[in-house]
Amino acid sequence: MGGSIRSFVRTWTTDLADRRICSNVVSPGAINTPLASPQSADVIARIVSTVPMGRMGEPEEVAKVTLFLASDDSSFVTGIELFVDGSRAQILSSVILASLAGRDQAPFSRLML
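About the criteria used
Residues numbered from 1 in each chain as written. Predicted model: local features only at pLDDT ≥ 70, side-chain atom pairs only at ≥ 80, totals over all residues. Heavy atoms only, no water. Salt bridge = Lys/Arg side-chain N within 4 Å of Asp/Glu carboxyl O. Helix = DSSP H or I, 4+ residues; strand = E, 2+ residues; numbered from the N terminus. Buried < 20%, exposed > 50% of the residue type's maximum accessible area, 1.4 Å probe, protein only. Phe/Tyr/Trp six-rings, centres within 6.5 Å; stacked < 30°, edge-to-face > 60°.

1. Re the pattern of salt bridges
The tally for this structure, following the rule as stated, stands at two salt bridges. E81 is paired through a salt bridge with R6; the nearest N and O atoms lie 3.5 Å apart. With E81 in strand 2 (residues 81-84) and R6 in helix 1 (residues 3-15), this pair connects stretches of sequence that are 75 residues apart. According to the relative accessible area criterion, R6 is partly exposed, its value standing at 28%.

Here's what the structure looks like:
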């Protein structure tokens, strides 16, 4: 997700608080949508190999997260970026940081990106 969207959300979180409006970012990862269908099995396997949960997400999973954030059940949740990516962003971030620090983070350090 672009830094500008996250920045907007942080600004909106404070600007809209007095109106009791929550703003959040949903960041989907590899999702099994019609855009993924034309990809070869090798490309899909390569993508899936970077997802710690070992699969692509389903559109319904992103929809459920979005529905939760739009509901009263999330009335105290605001200003966040919620990743719906099977932990891919978190694992890859730690792998990149560890690589920069010279530490091996096997097995995810050898993911084919």
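2. A word on the packing of aromatic side chains
One pass over the full model with this rule turns up one aromatic pair. Judged by centre distance (5.3 Å) and plane angle (10°), the rings of F8 and W12 are stacked. With F8 and W12 both in helix 1 and four residues apart, the pair spans about one turn of that helix. Residue classification places F8 among the partly exposed positions, given a relative accessible area of 46%.

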